[in-house]
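Geometric and topological summary
So you can see what is in the structure, the chains are spelled out below.
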Amino acid sequence: MRFCGAWSRDSGVSLSGLGFGAGSYNDALMQALAQNGNGNASYIDTLSEARKVLVDDVRGTFETIAKDVKIQIEFNPAAVSEYRLMGYETRMLKREDFNNDKVDAGEIGAGHTVTALYEIVPAGSNGRRIDNLRYQPSEKATGADGEYAFVKIRYKQPDGDMSKLITTPVTGANEVSSISAADDDARFAAAVAGFGQILKGGKYTGTWSIDDATALAEGARGAD
């Protein structure tokens, strides 16, 4: 069973989808509808999940505080030799679309947060998977010393048409010495992402197992 309604994105009316039941539930279709309708998609399989979506998080689901939010990250080749983004396959934009305010992107609701996880290989590490190109000269870093990456975020006000830009470098000050030293949110997000990677075949997870994901998640559940 699916719930949806008519909407007009351009007039400020968004479309969110709630999926119930199993078997015929089409998550890909629900995600596509919600993304094109500037809304959210949720799967309701328990009473507690219904309470979370329709009570606890209802303000964030129906009250947009920023629209067409885009994130672009440039890694410093002097510090990072390889990287990959985990997830967001349906949210990827072309590089030239970042500064184009006519290109639609995601919405952020009140109280919502967005987490993007990257796996990186430090420069000089033995963990590299990709050989250097034969005819392409090696890249030279142009950023400040000590920077791992540079993050740029564009967003529009809910009633605006022109985006605003926020930038910040990622430096050693943002680094922690081990996964155990990271905060609960980061460790729980890493556990969920790792679990998803294993379900997709574990192409890059090595010997890391579901038991490892469970242990990491249980140690970072937090107060909620």
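Residues numbered from 1 in each chain as written. Predicted model: local features only at pLDDT ≥ 70, side-chain atom pairs only at ≥ 80, totals over all residues. Heavy atoms only, no water.

A closer look at the environment of Y135
Here is the rule: By the criteria applied, helices consist of DSSP H or I runs no shorter than four residues and strands consist of E runs no shorter than two, each listed in order from the N terminus. The buried label applies to any residue whose accessible area, calculated with a 1.4 Å probe on protein chains only, is under 20% of its type's maximum; exposed applies above 50%, and partly exposed to all values in between. Distance and chemistry together define a polar contact, namely a pair of N or O atoms within 3.5 Å, with one atom able to donate a hydrogen and the other to accept it when in protein, and with adjacent residues in sequence counting only for side-chain atoms on both sides.
Along the polypeptide, Y135 turns up in the loop between β7 (117–122) and β8 (147–156). Owing to a relative accessible area of 73%, Y135 belongs among the exposed residues under this scheme. A distance of 3.1 Å separates a polar atom in the side chain of Y135 from a polar atom in the side chain of R134.

Points about the sheet that holds β8
Applied cut-off: The criterion for strand pairing is that DSSP finds at least two bridges linking the strands in question. Axis definition: a line fit to C-alpha positions, over the contact stretch in the case of helices; interaxial angles, taken between N-to-C directions, run 0 to 180 degrees.
Strand order in the open sheet formed by four strands is β6-β4-β8-β9, with antiparallel pairing between adjacent strands. The outermost strands of the open sheet, each flanked by one partner alone, are β6 (106–109) and β9 (164–171). Here the strands of the sheet are splayed against their neighbours by 35 degrees on average, with no regard to which way each runs. Pairing between strand β4 (residues 64–75) and β6: three bridges, direction antiparallel. Residue V69 lies in a different strand from β6, and its bridge partner there is G106.

Here's the deal with helix α4 (residues 184–199)
Selection rule: Here, expected helix span is obtained from the residue count minus one, scaled by 1.5 Å.
For α4, spanning 16 residues, the distance from its first C-alpha to its last is 23 Å, which sits close to the expected 22 Å at 1.5 Å a residue. Within the sequence span of α4, burial applies to R187, A189, A191, A193, G194, Q197 and I198. Backbone geometry just downstream of α4 places G201 in the positive-phi region, at approximately 115 degrees.

Considerations on unusual backbone geometry
Located in the positive-phi region is D68, a residue other than glycine, with phi close to 50 degrees. On the accessibility criterion, D68 (9% relative accessible area) is buried.

Section: the packing of aromatic side chains
Filter applied, for reference: Whether two aromatic rings pair depends on their centres lying within 6.5 Å, for rings of Phe, Tyr and Trp, where Trp uses its six-membered ring; planes under 30 degrees apart make the pair stacked, over 60 edge-to-face, and the rest tilted.
This structure, assessed with the given rule, holds three aromatic pairs. Pairing F75 with Y118 gives two aromatic rings, centres 5.3 Å apart and planes at 65 degrees, and the pair type is edge-to-face. Of this pair, F75 sits in strand β4 while Y118 is found in strand β7, placing the two residues 43 residues apart along the sequence.

Here's the deal with the side chain of S163
The cut-off we apply is this: Note on contacts: a residue pair is in contact if any heavy atoms of the two residues lie within 4.5 Å.
Along the polypeptide, S163 turns up in the loop between β8 and β9. Taking relative accessible area as the criterion, S163 reaches 17% and is therefore assigned buried. Among the polar contacts made by the side chain of S163, one reaches the side chain of D101 at a distance of 2.7 Å. Side chain to side chain, S163 and R154 meet in a polar contact 3.0 Å long. In this view, S163 contacts D101, R154, Y155 and K156; residues no more than four positions away in its chain are not counted.

Some thoughts on the pairing of β4
In the sheet, β4 pairs with β8 via seven bridges, with the strands oriented antiparallel. Looking at the pairing, Q72 lines up with K152 of β8.

Some remarks on the confidence of the model for the protein chain
Worth spelling out the cut-off: How sure the predictor is of each residue is captured by pLDDT, a score from 0 to 100.
Confidence in the prediction of the protein chain, expressed as mean pLDDT, is 83, and 88% of residues score 70 or more. The lowest-confidence element of the protein chain is strand β1 (residues 2–3), averaging 46 in pLDDT; the highest-confidence one is helix α5 (residues 210–218), averaging 95.

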